[in-house]
Amino acid sequence: MENRAEFSLKSNIQNWKSILTKKNNLTKSNIIELENHLLDLIDDLESKGLSKEESFLIAKKRIGKTDDICLEFDKVNNGFSFVNKAIPYLKGALICVLFIILSKLFSVKSLFFSQNSNINITIIFVILFVFALISIFSIIYFNSKYGKQIINKLCNVNVLVTLIITSSVITYRLRGQIVLPRIDITQIGNPITNYFAMEFNFEIYKILSGFILMTTSLIFFWRHKKYNKISTSYDDYKSRL
Amino acid sequence: MYVCVLNDYQMGKLSKELIGASTTSIILSILTKNKSYGYEIIQNIKEISGGEIEFGEGTLYPVLHKLEKKGLIQSSWKIAESGRKRKYYRISSEGGKELKIEKQNWNTMNQIITKIWKIEPSLV
């Protein structure tokens, strides 16, 4: 009975914390501060003879309604709320860009291997496809084994930006080493006379927008990290070890 | 507004507006004595005010963070005996100056009100 009550208290605190986290207005340190306040209140009420459930309910009420708390915190954390709301959209855009670049890298790599070895391009495609499948399934397997840590880490803005830059550099380097099939557009009656200049301009726009997207994402990521930073006194920490 | 304040006064409770106006002075005064964390600050306020001042305890933290942004208080995380991370607040030199001004303002206000009530005792 006692264990059941303890378990219930933990899950209730967890639920209360998850509601606060979902609201976007509170930083990690804000939530830790409030959680410790709640725990102090519970301890205090329990020492007065109240049960865990009663203590939790009273402590929660004393701290206040989550909407009221979020409203008050929003006035102080207005910069954080914006960053917190923007990050999922930026992550989505970065994942999309990464997918495009990886598919390009796959096709360039296939061409590179087919030109530099005697293996048929279809076999190379199959090998790369199997490799991609194994990677995806191993990520899913390790993720289910160790919680959601791996996917969360892979979806971090800094990891995504590093993957995009690395994949782009490899793709461009490989493209320089392979002979790409060229189409003479004058033969198919293309009305655009300066086609290559136009393609070059589009390439610049693509690089520029990618650069803006990645820089913005990194700025937001570091600001988000700075807001959530908890600098514990080192001396206190050391003395406890 | 006045009716509301008078009703609260008659019921023996301080109005939200009055508590809101005095929060900065109260917090700075408490932190002058010692560095403290949120829960302890609230317990101190309750004890000193004899339970007269009561507000949503979660809303104290945004007030503390506002004061920290203004540079009136400073904070640092420490690990307590219980193993819990606690954010301790202490008054800064700017906060000390602000508290002096606040004290002067409250004294002036007190003098004005006392003067009015002495002249017009019917208001008391």
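What counts, and at which threshold
The residue numbers shown here count from 1 along each chain, following its written sequence. The naming scheme follows written order: chains are lettered A onward, ligands numbered 1 onward. Only residues with pLDDT of at least 70 are given local features in this predicted model, and only at 80 or more are side-chain atom pairs given and counted; all residues enter the totals for whole chains, interfaces and linings. For side-chain calculations, the full set of non-hydrogen atoms in the structure is used, while hydrogens and water are omitted. Helix and strand labels come from DSSP, where a helix needs a run of H or I of at least four residues and a strand needs a run of E of at least two; each type is numbered from the N terminus. Remark: exposure states derive from per-residue accessible area (1.4 Å probe, protein chains only) relative to the maximum for the residue type, with buried under 20%, exposed over 50%, and partly exposed in between. By the convention used here, residues are in contact when the closest approach between their heavy atoms is within 4.5 Å. Computed with the Shrake-Rupley method and a 1.4 Å probe, the accessible areas treat only the protein chains shown as cover for residues. In short, DSSP must find at least two bridges between two strands for them to pair. Note on terminology: a nonpolar core comprises buried Ala, Val, Leu, Ile, Met, Phe, Trp, Tyr and Cys residues joined through side-chain atoms within 4.5 Å. Only the stretch in contact is used when fitting a helix axis, every axis being a line fitted to C-alpha atoms; angles between N-to-C directions are given from 0 to 180 degrees. To count toward a patch, a residue needs a relative accessible area over 30% and no salt bridge; like charges are then connected within 9 Å, while nonpolar side chains (Val, Leu, Ile, Met, Phe, Trp, Tyr) are connected within 5 Å. A pairing counts as a salt bridge when a side-chain nitrogen of Lys or Arg comes within 4 Å of a carboxyl oxygen of Asp or Glu. Defined in terms of a 1.4 Å probe, buried area is the accessible area two parts forfeit on being brought together, summed over both. For the purposes of these results, a polar contact is taken to be a pair of N or O atoms within 3.5 Å, where, inside protein, one atom must be able to donate a hydrogen and its partner to accept one; residues adjacent in sequence count only when each atom of the pair is a side-chain atom. Note that Gly is not counted as nonpolar here; it falls among the polar residues with everything else outside the nonpolar set of Ala, Val, Leu, Ile, Met, Phe, Trp, Tyr, Cys and Pro and the charged set of Asp, Glu, Lys and Arg. As a per-residue quantity, pLDDT reports the predictor's confidence and falls between 0 and 100.

Right, let's talk about the overall build of chain B for a bit. Per the secondary structure count, chain B includes 5 helices and 3 strands. Residue burial in chain B is summarised as follows: out of 124 residues, 35% are buried. Counting contacts in chain B only where the partners sit at least 6 residues apart, residues at least 24 apart contribute 45% of the total. Total accessible area on chain B stands at roughly 8,000 Å², and carbon and sulfur atoms take up 56% of it.

Time to look at the pairing of strand β2 (residues 73-79) of chain B. Pairing between β2(B) and strand β3 (residues 85-91) of chain B: 7 bridges, direction antiparallel. From the neighbouring strand, Gln74(B) faces β3(B), where its bridge partner is Arg90(B).

Quick look at the nonpolar core now. In terms of nonpolar packing, the biggest core is built from 39 residues, with Leu26(A), Leu34(A), Leu38(A) and Leu64(B) touching the most fellow members. When residues of this core are traced back to their parent elements, those giving at least two are α1 (2-22), α2 (28-47), α3 (52-63) and α4 (66-76) of chain A together with α2 (16-33), α3 (38-49), α4 (60-69) and β3 of chain B. Leaving out residues up to four positions away in the same chain, Leu26(A) has contacts with Leu20(A), Ile31(A), Leu34(A), Ile69(A), Cys70(A), Phe73(A), Asn77(A) and Phe80(A). Judged by nonpolar contacts, the second largest core, of 9 residues, contains Leu98(A), Ile101(A), Val161(A) and Met214(A).

Across the sheet, which stays open at both edges, the 3 strands sit in the order β1-β3-β2 (chain B) with antiparallel pairing between neighbours. The open sheet has two edge strands with one neighbour each: β1 (36-37) and β2 of chain B. Of the pairings in the sheet, the one linking β1(B) to β3(B) comprises 2 bridges and is antiparallel in character. The partner of Tyr37(B) across the bridge, within β3(B), is Tyr88(B). Along the sheet, α2(A) makes contact with β1, β2 and β3 of chain B, crossing β3(B) at roughly 100°.

Right, let's talk about a nonpolar patch on the surface for a bit. Residue and element names in this part refer to chain B. A cluster of nonpolar residues, Leu-14, Leu-18, Trp-106, Met-109, Ile-112, Ile-113, Ile-116 and Trp-117, forms a patch on the protein surface that exposes about 680 Å² of accessible area. The dominant element in the nonpolar patch, judged by the number of residues it contributes, is helix α5 (residues 93-119), at 6 residues. Examined against the element boundaries, Leu-14 turns out to sit in the loop between α1 (2-10) and α2. Given the relative accessible area of 36%, Leu-14 is considered partly exposed.

Another point: the interface of chain B and chain A. When the parts of a complex come together, some accessible area is lost, and that lost area is often taken as the interface size. Counting residues at the interface gives 27 residues for chain B, matched by 26 residues for chain A. Taking both partners together, chain B and chain A bury about 2,400 Å²; carbon and sulfur atoms supply 57% of that area. Our count for the chain B to chain A interface comes out at 3 salt bridges. If you look at where chain B meets chain A, you find 12 residue pairs in polar contact (both at pLDDT 80 or more). Elements that contribute at least two residues to the side of chain B that touches chain A include exactly α3, α4, β2 and β3 of chain B. Its residues placed into classes, the side of chain B that touches chain A shows 10 nonpolar, 7 polar and 10 charged.

What follows deals with the confidence of the model for chain B. Residue and element names in this part refer to chain B. Taken as a whole, chain B shows an average pLDDT of 83; of its residues, 85% reach a score of 70 or greater. Per-element averaging of pLDDT across chain B places α1 at the bottom with 41 and β1 at the top with 92. Note on residues 1-11: pLDDT under 50 across the span, and 4 contacts to partners over four residues away in sequence or across chains. Scored as a complex, the prediction yields pTM 0.68 and ipTM 0.78.

Here we take up the pattern of salt bridges. According to the stated counting rule, one finds 11 salt bridges over all chains in the structure shown. Two residues, Asp40(A) and Arg86(B), come together in a salt bridge whose shortest N-O distance is 2.6 Å. Separated into two different chains, Asp40(A) in helix α2 and Arg86(B) in strand β3 make up a pair that spans both. The same class applies to Asp40(A) and to Arg86(B), which are both buried. When salt bridges with common partners are traced through the structure, they connect Asp40(A), Asp43(A), Arg84(B) and Arg86(B) into a single cluster.

Here we come to the pairing of β3(B). Counting buried positions along β3(B) yields 5 of 7 residues, so the element is predominantly enclosed. What sits between β2(B) and β3(B) in their antiparallel hairpin is a turn of 5 residues, with Gly83(B) showing a positive phi close to 95°.

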